[in-house]
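The lines below spell out each chain.
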Amino acid sequence: MKVNLTKFKSLSSVRQLTREKWAFGATIFGGKMIGLGLVVLAMMILPGLIGTSAHAAATPPKPTDIETSMMNSIDTVWTLVAAFLVFAMQAGFVMLEAGFARKRETVNVLMECIFDTCLCGILFYAIGYAFMFSSGNGFIGLHWFFLQGTPDLYPGTGVPVIAHWIFQYAFADTCSTVVSGAMIGRTGFRGDILYSIGITGFIYPIIGHWAWGPDGFLATMGTAGHFFTSLGQGFRDFAGSTVVHTIGGMASLAGAIVLGPRIGRIFARDGGGMPPGHNLPMAAVGGFILWFGWYGFNPGSTLSAMDIQGIGRVATNTTLAACGGGMMAMFAALWWGETKGKFDLGFTVNGFLAGLVAITCPCYWVSPLGATILGGVAGFVVFGGVKLLEYLRIDDPIGAVPVHGFAGIWGTLSLGLFATGEYGITGPYGADNTAPNLVKGLFYGGDASVLKAQAIGTFTIAIAVFVVTWVMMKLIMFLPHPWKLRVEEKGETGTGGLDMFDHGTDAYPIQDDDVSLSGLFEKGPKVTA
Amino acid sequence: MKVNLTKFKSLSSVRQLTREKWAFGATIFGGKMIGLGLVVLAMMILPGLIGTSAHAAATPPKPTDIETSMMNSIDTVWTLVAAFLVFAMQAGFVMLEAGFARKRETVNVLMECIFDTCLCGILFYAIGYAFMFSSGNGFIGLHWFFLQGTPDLYPGTGVPVIAHWIFQYAFADTCSTVVSGAMIGRTGFRGDILYSIGITGFIYPIIGHWAWGPDGFLATMGTAGHFFTSLGQGFRDFAGSTVVHTIGGMASLAGAIVLGPRIGRIFARDGGGMPPGHNLPMAAVGGFILWFGWYGFNPGSTLSAMDIQGIGRVATNTTLAACGGGMMAMFAALWWGETKGKFDLGFTVNGFLAGLVAITCPCYWVSPLGATILGGVAGFVVFGGVKLLEYLRIDDPIGAVPVHGFAGIWGTLSLGLFATGEYGITGPYGADNTAPNLVKGLFYGGDASVLKAQAIGTFTIAIAVFVVTWVMMKLIMFLPHPWKLRVEEKGETGTGGLDMFDHGTDAYPIQDDDVSLSGLFEKGPKVTA
Amino acid sequence: MKVNLTKFKSLSSVRQLTREKWAFGATIFGGKMIGLGLVVLAMMILPGLIGTSAHAAATPPKPTDIETSMMNSIDTVWTLVAAFLVFAMQAGFVMLEAGFARKRETVNVLMECIFDTCLCGILFYAIGYAFMFSSGNGFIGLHWFFLQGTPDLYPGTGVPVIAHWIFQYAFADTCSTVVSGAMIGRTGFRGDILYSIGITGFIYPIIGHWAWGPDGFLATMGTAGHFFTSLGQGFRDFAGSTVVHTIGGMASLAGAIVLGPRIGRIFARDGGGMPPGHNLPMAAVGGFILWFGWYGFNPGSTLSAMDIQGIGRVATNTTLAACGGGMMAMFAALWWGETKGKFDLGFTVNGFLAGLVAITCPCYWVSPLGATILGGVAGFVVFGGVKLLEYLRIDDPIGAVPVHGFAGIWGTLSLGLFATGEYGITGPYGADNTAPNLVKGLFYGGDASVLKAQAIGTFTIAIAVFVVTWVMMKLIMFLPHPWKLRVEEKGETGTGGLDMFDHGTDAYPIQDDDVSLSGLFEKGPKVTA
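So, how was this worked out
Residues numbered from 1 in each chain as written. Chains lettered and ligands numbered in written order. Predicted model: local features only at pLDDT ≥ 70, side-chain atom pairs only at ≥ 80, totals over all residues. Heavy atoms only, no water. Helix = DSSP H or I, 4+ residues; strand = E, 2+ residues; numbered from the N terminus. Buried < 20%, exposed > 50% of the residue type's maximum accessible area, 1.4 Å probe, protein only. Contact = heavy atoms within 4.5 Å. Buried area = accessible area lost by both parts, 1.4 Å probe. Salt bridge = Lys/Arg side-chain N within 4 Å of Asp/Glu carboxyl O. Expected span 1.5 Å × (residues − 1). Axes fitted to C-alpha atoms, helices over the stretch in contact; angles between N-to-C directions. Parallel < 35°, antiparallel > 145°, perpendicular 65-115°, else oblique. Left-handed = near helix turned anticlockwise from the far one by under 90°. Nonpolar A, V, L, I, M, F, W, Y, C, P; charged D, E, K, R; others polar. Bend = angle between axes of the 7 residues up to and from the residue. Core = buried A, V, L, I, M, F, W, Y, C linked by side-chain atoms within 4.5 Å. Least-squares fit on C-alpha atoms with pLDDT ≥ 70 in both. pLDDT = per-residue confidence, 0-100.

## Concerning the side chain of T177 of chain A
Residue and element names in this part refer to chain A. Among the structural elements, T177 can be located in helix α5 (residues 161-182). Here T177 falls in the buried class, since its relative accessible area comes to 0%. Apart from residues no more than four positions distant in its own chain, T177 is found in contact with Q90, F93, E97 and C113.

Structure (C-alpha cells):
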C-alpha cells in the first residue's frame, strides 16, 4: 500500500487549510455502508477533487539527528501521556452516565461503555484510523488498513504512527461513548452492537476525515484548487469540538429521536420531568474525571511539547472555559430552572462539561479571557439545550445532545469570534505564529471569513452525521427482536429493568443481609449460598 | 504593567532565601479586603522592606538555544503533567469528603467542591496568581492581574507563565477544597460562595505570597537587608505543607469554630461520637486518588525534570511518608482508639493523607528513612489531632484540621530535624547542591536555624490565616439568611437535610422500584414518570 | 556495601539472557524465612552458579554530556509518570475487588489494599528492592538494603535508582494487592498482615529476582556459563505477566486453597454459584482505572522514552489485547455461560483485564494483530479458568487466579508463538533491533526455543510461588486466633460480617434517616447524634 506523503503537511495545517472544491447537495445514504457509499458516489460525481499540497511550512530550525530524536521523544511522551488521560475519560463517562441514569439501566450503561471501548479498538485498528488519517481523497482515507504500510512518523509530526494511533483511538472511543448517553434505557444491547459498528467503524472516521484527514475537503477548504477557494480559510477544529463532540452529540440526537422516549417518560410540558438519576456522587466524580482527562484531550492535540507556550495556553484556556461553563450553568438553573433557588448539581456538572466541549475547538487560538467568556456562554447553551429537548419531547437522560452537540457547535463557531490573531500553527519543533498562519476572529478585528469557515465546517458535519445516523438507526429499528434498536417492552418495564433483561443482574445485587439495612429489624447470622 | 524581573531568582531560592526585615505584631483585619488592608498597612509601617536579590546562582551549563528549548520543553511537560495530577485530586477530595459525610449533606459537599473549583479558576486568573506570584513587596504581588504583562517564562524556571499558572491553580484549588471539609453539613451554600471568594481570591494567594512570592518576606527572611537577617535562613516549603495545607487546615478550623457543630452532634466526652460517614468505599478510593495526585503535587514542585535525582527522591519520599502515616495511624487507632482492637478505615486513610501532607514541605531535602519516620509521626499527629478536636467540641466531619492543619505544621517543622544536608536548590537545568545552598537539620548535625526558620514561617502563616479567616467567617455569620454562613435550622434538620434544602435533591434519589431492594416483596413492572 | 556493576547490562537484556546453570529439585521451605532459606540452600548445593556478564551492548550513539543529561531526563519523566499511573491502579483494584465482594466484606477489602500498600512501601524500601534488583547471585540480590550503596542511575538505564525504586514499588504493590483478591471474605486481618509480609518482603522480590534481577538465573538462562546454555534463550517477561501477575495469581491460589471457601459458599456443581458482588458500577469503574493504569505498567517498562517506536507499539498492543479479551470473554459468557444469552458484566471486565495481563509479557515483541489475537484468547482463558475453579470448589471471589494467574501464564507463553522477529532490546537511548537480539515465535517462522524458555520461566515461577506460598499459608493457619489466617467463624457469620468483626463498621453505615429510603413512609426531621 503506497502512501502519497506529499499530501501531508504539518498537523495543524491539516486542520486549517482548504484545498478542494466541494459542493454540498442533499444525498441519501443507508445502513452500515453509508460512509463508503458516500465516498464512492462523491468520487464519481466530483472528479479532480484531489489536489496537491501547496503549503509552505515555516523554516524549521536545523537540529542534529540526535536533537531531532530527542524532540521526537519529547513530543511522543507528551502525546502518549495525553492519550492515557483521554482514555481515563472512559472511567469518567461511565460514572457520569451511570450516575445520571436510573438504577434499572445502570449495568446496561456500564456494559455499553465497556463494549464500545473494546469494539472501537478493533475497528479503529482495522479500518477507522485508515479512513480518517490516511490520505485518499477529500472524503475518505484509503490507506493504512490494519496499520499496514504506514510511515515511521505520522507526517508533519514527531510522533510515531503507532503512538498517534492510540491517541486518536482514545478520541474515537470518546465519540463512541457519547452516543450511548442519549440512548440510555431503551436500547437493546444487540442494537447497540450494530449501531456502534456503524458509528465507530464508519461514521466517525469517515466524516472525521473531512476535517482532520490530510486531504479532507473541510481541512483543505479555501486553498487554491480546492473547495471554496475564495473563502481563504479552512475549517479549524483544534481538538474536536465538532469532530469528536458534535459528531457524538448529533449521532445521539438521531438515536434518541428514532428510539423515542423511555416508557413512562413524561416531559415537562406534560406535567412531568426528567426521572432522577440514581447516584449523584458517582456522576459528580465522573465529571471531575472527565475534566481531568480533558487535559489530555486539548493540550495533547498539539502532538508536540516543543510548543511550550501552546500547551500551556491550551491547558489554561481549557481550565477557564470549564470554570465559566460550570458557574454560568449553575446560575442559569438557580435563576431560571425548575428548581429555581436551588444550586443544581446536574446542570453545574453539565455546565463545566459544556465549557470543556466548547473550548476544545478554539483552545489554541483564544486568550484566557476569551476562553472564560466562551465557556460561560456554553453554560447557558447547555441550560437552554436541555430545556429545548424537553420541550421537543426528546428523551436524553444525561444531556449528551446539549453538552456535546450544541456546545460543540457553539465552541466551533466561537473561534470565529474570539481568535485573537496572535497564534498560528503548532508543530513538532515549535509554533509558527507568522503572519499568514494567524487566526483572527470578529471580536479582535478580524473579518468574518473564519466564522464562515467554522460555520460551514460544523454545520456540514452536524447535518451529515445526523442524516446518516438517522438512516442507520431507522434501519436497525426495522430489524426483528432481539436485534432491533429498541429493546422489547418487557426489557424496559420488567422487574430489574434493562439490567436484568439484557445482563441478568442488578447494578447493586441484593445482599443476603440487606434487610438489616432498612433499620426495621435486626437479623442473626445468615450467609449467602 | 512593568515587572521588576531582577527581583526574581531560581524558583527554589524563592522558597529558601530571606531578604527582608519584618517584625510580627498583632493586627486586626476584617472582611474580604482583609488581605489587601494588611498589605497597605504593612507598607505604611514598614518602609524600606523591599530589597534586591543578592543570590548568586550556581554556574549553569551553557546549552545552545535548541538545547535550552528542549530542556524547557522537558520541564514544561513535567510541570503540566504534574498540574493535571494535582487537578485529579479534586476527584479524590470530593470522594473522600462525600464518603465521610452523612448522606444528607453529600450533594452539598459535591457542589461545594465543584463550585469552588470553578470560582477558584476565575479568581486565580483575575487576581490570585498576581497577588501570589508576581513581584510587589514582602506582603503581596502587584502585577500580572488577568495574566497581563507577564514574561514568557516564569522567572528562574524553564516553564511558561501560562503553564505555571495552571500548576499553581491546581494548588490553590486544593487549598480551597480543604476548607470546605471541616465545615460540612451546616454551611449555607451562599455563605460558602462568600467565604470561598475570600479564601481563594485573597487569603490563600496573599498569605501564600509571603512564602512563595518572589519577594515574600518569609521567602527572603534571613538574607542581607531583609527580615531577621541574623537567622541566615529563609522559610522553606517545597510543595506546600504550610502554604497549601496549613492554610487550608487553619481556615477550616476558623470556619468550624465560628459555625459551631452540626445540630445533634454529641461529642465523645458527652457520650457521643462522630456520626458515621455514609460511604466508606467512596472515601477510601478518594484517598487513593489523592495519593495518586500527590505525585503531581510534590515531584512537580521542582518545576524541572532536568533534576532527575530530585524528582525521583521527592517521589520516593512522598511514597514512604504516606506508608508510614497510614500504618502508624492504623496502629494508633488499634491500640488506643475508641474502636480499640479494630483496624479502623477512617484513621488509616487520614493517616496516609497526613503522611502526604507532612512530607510535602521537606520532600526534597530528606532521606527515604527520614521520610518514613516523619510520615509515621504524622500518623500519630492526626490521631491525636482528631482526639483533641473532639475534646474541644469542634466538629470537623472529615478531619481536615488534623490532616491538613496539624500535619502540615508538623511536616514543615520536620525539615528542621530531618534535612540531611546533602541537597540544596533545584533549578530548570539541574540541581545545585553546592555548599551554601545545603539544608541541614538537627538530626543530621545541623544547628537550630532551619528549625527556627520553619517555626517562624509555619506559625506566622497559621496564626495569620486563622485570625483573618475567623474575622471573615464571623462577618459572614452576621449576614441575614440566606447569605449567613450557617444555614437555617430547617436546612439541617428537614427531610433530606442540606441536600434537599439547598440543592433540591438527595444524593441517591429514590428510584421507583427501590422497595424491591428491601427484599420484603416483589413488585411488578412500574415505570418512573 | 560494594556493588559489582559488571554484572549489570542493559535492562532488557536483564530480562532476556540466560547465563547460569540451574537444576530444579523438590525443596521444602517454611515460614517467613522461606525465601532466604531457599537461597542459602541453593548457594550451598550449587557452587559456581554466579557467572559474569558477557553481553556486548549495541553501539550507542555518542551524545554530549548535556544531551545524555536530557535523554536521561526524558527517560526519567517517562518512568515516573508511568510509576504514578501504575500506582493509580490501586484505586482501580480496590474498586474492582470491593465491587465484586459482598457488602459484608467490603471494608475488609479496602483496608487490606490500603494496609498492603503501606506495608509494601516500607518492606520494598528496606529489603524488597535489594532482593530483587541488586546483584547477588542467580537466586537473590544481596545489596542496596534500605537503598544504601546504590549507584546514581539504575545500571543499563538513564533512570536514577530512586526513580526506578518507585516504579518497581508500584509493581510490587500490584502483585501484593492481587493476592488479597482470591482470599476475600474469610481471612483475618492479622493473618493478612502476616502473609503480606511474606509475599511483599520475600516471595515476590526473591522469586522476581530470578527473572528480573541483573543476575537472576532465568534472566541469564541460555548464555555461556549459565543454566541451560544450549537453549540459547533467556526468559523474557517485558512488564511482568509472570513476574507480577502469575506470582500474584499463584499466591492467591495457594491462599484460597489453604483457606477453603467462605462459609455457606455453594459451588455450581452443588447447585449454587458465586454470591453476587454488591456494587457493579464500582467494579466496572475500577476495571477502567486498571486499564488506564496499565498504560504505565507496560509502556513504562521500557524505562526509556527515547525508544519512541517501542513505547507507541507497547501502548497500542496493550490496548488491542484488552479489547480482544473483553470482547471474547463477553461472547464466551453469552454463548456458554450460566447466564447464557446475557451480556455479562463480570466476565467482560475480567476479560479485558485478562487481555491486559496476557499482553504484559509480550507487548514489546508482537504486532497489533498478534496482540489482538492473544488478548482474545486470554478472554477465553479467563472464562474457562473461572469454570475450572468453580468445578474444583475453590472460592476466588474476584477471579484473581484466572485473570492474573492463568492469563499471566498464557501471555508469557504466547511470546513464543507471536513474537514477530522484528524487535530486540529497548535501551535508554533507543532500541536495538539488530539480528542477535531479535525475538521470533513459532507463528512467525521462529524455532521453539523462545517458547521453551518461556515455559521454563513461567512454570518454574508459578510452581515455586505456589509451593512456597502454600507452606507459608499453612503455617499461618496453624496459629491461634486472632493471628490465624482464617478468621473466627463469628467473623464471617455475625451481623455485619467481617467488616464489623475486624473493622467495627459497615461499608455503608446506617444513616439516621435511612428508613425513608425504603419508600415505605416519610419521616420528619431527626438528626444523628
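## Some points on the interface of chain B and chain C
Listed as interface residues are 69 residues of chain B and, on the opposing side, 75 residues of chain C. Interface area for chain B against chain C, summed over the two sides, is near 5700 Å², with a carbon-plus-sulfur share of 77%. Of all residues in chain B, F288, I308 and F343 of chain B give up the largest surface area on contact with chain C, accounting jointly for 13% of the area buried on that side. Between chain B and chain C we count 0 salt bridges in total. Within the residue set of the side of chain B that touches chain C, elements represented by two or more residues are α3 (65-100), α8 (280-297), α9 (308-336), α10 (345-360) and α11 (368-391) of chain B.

## What about helix α5 (residues 161-181) of chain C?
Note: α-helices contain 3.6 residues per turn, so residues at a spacing of three or four share the same orientation. Over its 21 residues, α5 of chain C runs 31 Å from end to end, which matches the ideal 30 Å to within 8%, given 1.5 Å per residue. Counted residue by residue, α5 of chain C has 21 buried out of 21 residues, so it is predominantly covered.

## Regarding the pattern of salt bridges
Going through the model one piece at a time under the given rule, you end up with 24 salt bridges over all chains. One salt bridge connects R102 of chain A with E105 of chain A, and the closest N-O pair in it is separated by 2.7 Å. In this structure R102 of chain A comes out as buried when scored by relative accessible area, which is 4%. Measuring nitrogen to oxygen at the nearest pair gives 2.9 Å for the salt bridge that ties D395 of chain B to R262 of chain B. With D395 of chain B in the loop between α11 and α12 (400-418) and R262 of chain B in the loop between α7 (241-259) and α8, the pair connects residues that are 133 residues apart, well separated along the chain. Residues D395 of chain B and R262 of chain B agree in their burial class; the two are buried. Through salt bridges with shared partners, one network takes in R102, E105, R262, R265, E390 and D395 of chain A.

## Concerning the packing of α9 of chain B against helix α4 (residues 106-133) of chain C
At a closest axis distance of 8 Å, the pairing of α9 of chain B and α4 of chain C adopts a crossing angle of 125°. With respect to α4 of chain C, the element α9 of chain B is oriented oblique. Here the hand of the crossing between α9 of chain B and α4 of chain C comes out left-handed. Mapping the contact onto sequence places L320, A322, C323, G324, G326, M327 and M330 of chain B in α9 of chain B and M111, F115, T117, C118, L119, G121, I122 and Y125 of chain C in α4 of chain C. A breakdown of the residues in the contact of α9 of chain B with α4 of chain C according to their chemical character gives 11 nonpolar, 4 polar and no charged.

## A closer look at helix α4 (residues 106-133) of chain A
All names here are of chain A. For α4, built from 28 residues, the straight-helix expectation of 40 Å at 1.5 Å per residue is missed by more than 12%, its first-to-last C-alpha distance being only 35 Å. In the structure, α4 departs most strongly from a straight axis at F124, where the bend amounts to approximately 65°. With 27 of 28 residues buried, α4 lies mostly within the body of the structure.

## Observations concerning the nonpolar core
Y204 and W291 of chain A, Y204 and W291 of chain B together with Y204 and W291 of chain C are the most contacted members of the largest nonpolar core, which has 520 residues in total. Beyond its immediate stretch of four places on either side in the chain, W291 of chain A contacts T319, A322, C323, F352 and L356 of chain A together with F87, T117, C118 and Y169 of chain B.

## Quick notes on the relation of the copies chain B and chain C
Turning chain B through 120° and shifting it by 0.0 Å along the axis lays it on chain C, with an RMSD of 0.0 Å. Both copies are brought into coincidence by an operation consistent with a three-fold rotation axis. Looking at chain B, a mere 13% of its interface residues are interface residues in chain C too, so the copies touch through different faces.

## Notes on the confidence of the model for chain A
Residues and elements named next belong to chain A. Across chain A, pLDDT averages 87, with 85% of residues at or above 70. Considering only residues more than four positions removed or in separate chains, one finds that residues 1-7, a stretch of pLDDT under 50, has 23 contacts. Note on residues 9-58: pLDDT under 50 across the span, and 142 contacts to partners over four residues away in sequence or across chains.

## Considerations on the interface of chain C and chain A
In this assembly, 68 residues from chain C lie in contact with 75 residues from chain A. Contact between chain C and chain A buries roughly 5700 Å² in total, counting both sides, with carbon and sulfur atoms accounting for 77%. Counting the contacts that link chain C with chain A gives 0 salt bridges. Put simply, the parts of the chain that give the side of chain C that touches chain A at least two residues each are α3 (65-100), α8 (280-297), α9 (308-336), α10 (345-360) and α11 (368-391) of chain C. With 16 residues, the single largest contributor to the side of chain C that touches chain A is α9 of chain C. When grouped by side-chain class, the residues that make up the side of chain C that touches chain A number 42 nonpolar, 17 polar and 9 charged.

## Regarding the relation of the copies chain C and chain A
Rotating chain C by 120° about the axis while translating it 0.0 Å along that axis superimposes it on chain A, leaving an RMSD of 0.0 Å. With a heterologous cut-off of 20% or less, the 13% of interface residues of chain C that recur at the interface of chain A puts this contact in the heterologous class.

## Concerning the packing of helix α7 (residues 241-259) of chain A against helix α13 (residues 449-478) of chain A
Residue and element names in this part refer to chain A. Interhelical geometry of α7 versus α13 gives an angle of 35° and a closest axis separation of 8 Å. Once α7 is placed against α13, the crossing between them reads as right-handed. Contacts from T242, T246, I247, M250, A251, L253, A254, G255, I257, V258 and L259 in α7 reach T458, I461, A462, V465, F466, T469, W470, M473, K474 and M477 in α13. Looking at the contact of α7 with α13, its residues break down into 15 nonpolar, 5 polar and 1 charged.

## A word on unusual backbone geometry
Across the chain, the bulk of peptide bonds are trans and the bulk of non-glycine residues have phi less than zero. Note the cis peptide between H481 of chain A and P482 of chain A, where omega equals 0°. Looking at the secondary structure, you find P482 of chain A in the loop between α13 and α14 (489-493). Non-glycine residue W144 of chain A carries a positive phi angle of around 65°. With respect to the helices and strands, the residue W144 of chain A is situated in the loop between α4 and α5. On the basis of relative accessibility, which here comes to 0%, the residue W144 of chain A falls in the buried class. Unusually for a residue other than glycine, F146 of chain C sits at a positive phi of about 55°. Along the chain, F146 of chain C turns up in the loop between α4 and α5.

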